[in-house]
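# Descriptive structure summary
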Amino acid sequence: MLRELKTFSILSLGIFTWAIAPLSFGQGLPAEGEDAAVPEPLFLTVSDVVARLEAASPAVLIEKETVRRALHQSYQSRAALYPSLSLNVEQSRQQYGLDSTRDPYDGPPFNAFSSRVTGNLSVFNTQNYADYRLARMEHRIATMDYEVALQDFISQALQVYFTQLRDIRRIEIVESNLVRERELLELARQQYDAGVAIKIDVTRAEVRLATERRSLMEARTQAENSMLQLKALLDLDLDGAVLLDRSVIDGIKAPPSLKRYGSMEALTEMRPELSGQQERVDQAILARKAAGWQRLPTVDLFADWGYDSGEPFDDNEGEAWLVGIRASMPLFEGFRIRAEKREATAAVRQAQFQMTRLRNEIEREFRYALIEMESRYDQIEIAREEVRLGRDEVDQAGERYREGLADNRELIDAQQRLSDAENSHLQAIYLYGLSRLAFARAIGSAQRVLE
């Protein structure tokens, strides 16, 4: 009987497993004829890069937290301007050694309990006021420093963005070179079979084809490197597919006119570096004033209120309170205040000199960025003409080779010059994009690179 029961259990288990197998093991697998879903590539424009950088870049978020810390540090300084309240509770047991007549005290030890609510308010304290104002200025300086850092990070990200577009276009140029080199090799073999060319023409074509294959590998590696740099800056998945908006380099615009933005002085005032340095000058001036304020008196109100007894909650409490006002003023501090004022005066002059140097540097950057941008744009037209002439030369050299008027060295040289011209044209577009970025950074807003 026991053997039959075991046999029945094994058979039942096998039938149950066979029945549910299609349900359990088939879950999560695509149906027959159905492909697994492939995620769409992430499409990024220049605006997307800027937004992503501000929202998710670890480097930008670190700078944001610096601003937040400065804000809360100003709140800590502000706390000295508000009244402070505290609750103090004390239970003690003590024994006197002598009484008021300096004779030995023979009384028993006793307990003492006290509870106090203590308050203090600085009615007039210039140092606390100055510390709070200086802390607020430090917060504004941190905000300007964040804007400077953000512009630097945006410039860096957009430069990598342009570099990636250049690298992608370079791959296309090398691939087109490969097509021409394969056609050259096929033509050399046909000319050789027809007895028009010699063997070395075929060898030259094979060497050129191998060289372009190596160039393609290098171009793809460089493009992969620039894409990884962009993903790291934007905190993107390194394995995810990303597509970039190519209209940045496909649709070249003329350099913006200075009249469109206004005067150079108005443009340079947009720079957060100038705003931050002006805050530093104002902070140094306030610190110099605060050094002199130390000679003024300070006035504080203080009070406490509570109960005294021998034991807590023994129904034998006695009310106790204290109210007072305290004033103090320095009479002689070893000439410390005078030395601090002189140091603060030197700090003011130093901040003003730094402001002058920064303004001169920004104006130089602005003028050079405008000149470079116009020059780079003119070079694009020259490079485009070189490409047109290079294609004509390739066509003419190819015709001469087909007619047997020359070997394929002329055609190889022409194709090389065309490749160089296409790369020069691409580099001119790339450098023009970087010059536009430098100009946008010079006026304090790298996001305006496409305007």
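Coordinates for the structure precede this section.
The notes below deal with the structure included here. Because the structure is a prediction, the values reported are computed rather than measured.

This part takes up the overall build of the protein. For the protein, the helix and strand inventory stands at eleven helices and six strands. A burial count over the protein gives 35% of its 451 residues as buried. Long-range pairs, those at least 24 residues apart, make up 80% of the contacts in the protein with a sequence separation of at least 6. With an accessible surface of roughly 27,800 Å², the protein has 56% of that area assigned to carbon and sulfur atoms.

Our focus in this paragraph is the packing of aromatic side chains. Overall, the coordinates contain seven aromatic pairs when judged by the stated rule. With a centroid separation of 5.4 Å and 50 degrees between ring planes, the pair formed by Tyr 96 and Phe 110 is classed as tilted. A residue pair is termed long-range when its members are at least 10 positions apart, and Tyr 96 in the loop between strand S2 (84–94) and strand S3 (110–124) and Phe 110 in strand S3 qualify at 14 residues. On the accessibility criterion, Tyr 96 (42% relative accessible area) is partly exposed.

Taken together, the side chains of Arg 133, Arg 136, Arg 288, Lys 289 and Arg 349 make up a positively charged region of the molecular surface. Looking at the positive patch, the elements that each hand over two or more residues are helix H4 (126–193) and helix H9 (272–293). Secondary-structure assignment places Lys 289 in helix H9.

Counted at 1.5 Å a residue, the expected span for helix H10 (residues 336–402) with its 67 residues is 99 Å, and the 94 Å between its end C-alpha atoms agrees. Looking one or two residues beyond H10, the residue adopting positive phi is Gly 404, at roughly 80 degrees.

Attention now moves to the side chain of Asn 408. Within the secondary structure, Asn 408 sits in the loop between H10 and helix H11 (409–442). Polar contacts involving the side chain of Asn 408 include one to the main-chain carbonyl oxygen of Asp 201, which spans 2.7 Å.

At a closest axis distance of 8 Å, the pairing of helix H3 (residues 58–78) and H4 adopts a crossing angle of 175 degrees. Classified by the angle their axes make, H3 and H4 are roughly antiparallel. Between H3 and H4, the contacting residues are Ala 59, Val 60, Glu 63, Lys 64, Val 67, Ala 70, Leu 71, Gln 73, Ser 74, Ser 77 and Arg 78 on the first element and Asp 131, Tyr 132, Ala 135, Arg 136, Glu 138, His 139, Ala 142, Thr 143, Tyr 146, Ala 149, Leu 150 and Phe 153 on the second. Classifying every residue of the contact of H3 with H4 by side-chain character gives twelve nonpolar, five polar and six charged.

Here we take up a nonpolar patch on the surface. Taken together, the side chains of Leu 85, Leu 87, Val 89, Val 117, Trp 305, Tyr 307, Trp 321 and Val 323 define a hydrophobic patch exposed on the protein surface, amounting to about 930 Å² of accessible area. Counting only elements with at least two residues in the nonpolar patch, the list comes to S2, strand S5 (298–309) and strand S6 (318–328). Top contributing element to the nonpolar patch by residue count: S2, with three residues. As for its position among the elements, Trp 321 is in strand S6. With a relative accessible area of 61%, Trp 321 lands in the exposed category.

Grouped together as the largest cluster of nonpolar side chains are 45 residues, with contacts concentrated most on Tyr 161, Phe 162 and Leu 244. Of all the elements, H4 adds the most residues to this core, at ten residues. Once residues lying within four places of it in the same chain are set aside, the contact partners of Tyr 161 are Leu 44, Thr 45, Val 46, Val 49, Leu 230, Leu 244, Asp 245 and Val 248. Core analysis: the next-biggest nonpolar cluster, separate from the first, contains 23 residues, Leu 187, Leu 216, Ala 223 and Leu 418 among them.

Turning our attention to the pattern of salt bridges. Any two side chains of opposite charge can pair if their charged atoms end up close together. Counted according to the given criterion, the structure contains 29 salt bridges. Measuring nitrogen to oxygen at the nearest pair gives 3.2 Å for the salt bridge that ties Glu 279 to Arg 140. Within this pair, whereas Glu 279 is found in helix H9, its partner Arg 140 is found in helix H4, the two being separated by 139 residues in sequence. With a relative accessible area of 17%, Glu 279 lands in the buried category. Classification of Arg 140 by relative accessible area gives partly exposed; the value is 34%. Glu 172 serves as the salt-bridge partner of Arg 246, at 2.6 Å between the closest nitrogen and oxygen. Taken together, the residues span a long stretch of sequence, with Arg 246 in the loop between strand S4 (242–244) and helix H6 (247–250) and Glu 172 in helix H4 at a distance of 74 residues. Residues joined by salt bridges that share partners form a network here, namely Asp 152, Arg 271, Glu 273, Glu 365 and Arg 441.

Each value, and the rule that gives it
- Residues numbered from 1 in each chain as written.
- Predicted model: local features only at pLDDT ≥ 70, side-chain atom pairs only at ≥ 80, totals over all residues.
- Heavy atoms only, no water.
- Helix = DSSP H or I, 4+ residues; strand = E, 2+ residues; numbered from the N terminus.
- Buried < 20%, exposed > 50% of the residue type's maximum accessible area, 1.4 Å probe, protein only.
- Contact = heavy atoms within 4.5 Å.
- Areas by Shrake-Rupley, 256 points an atom, 1.4 Å probe, with all protein chains shown as cover.
- Phe/Tyr/Trp six-rings, centres within 6.5 Å; stacked < 30°, edge-to-face > 60°.
- Patch = residues over 30% accessible without salt bridge, like charges linked within 9 Å, V, L, I, M, F, W, Y side chains within 5 Å.
- Salt bridge = Lys/Arg side-chain N within 4 Å of Asp/Glu carboxyl O.
- Lys, Arg positive; Asp, Glu negative; His and termini not counted.
- Charge placed at Lys NZ, Arg CZ, Asp CG, Glu CD.
- Expected span 1.5 Å × (residues − 1).
- Polar contact = N/O pair within 3.5 Å; in protein donor to acceptor, adjacent residues only side chain to side chain.
- Axes fitted to C-alpha atoms, helices over the stretch in contact; angles between N-to-C directions.
- Parallel < 35°, antiparallel > 145°, perpendicular 65-115°, else oblique.
- Nonpolar A, V, L, I, M, F, W, Y, C, P; charged D, E, K, R; others polar.
- Core = buried A, V, L, I, M, F, W, Y, C linked by side-chain atoms within 4.5 Å.

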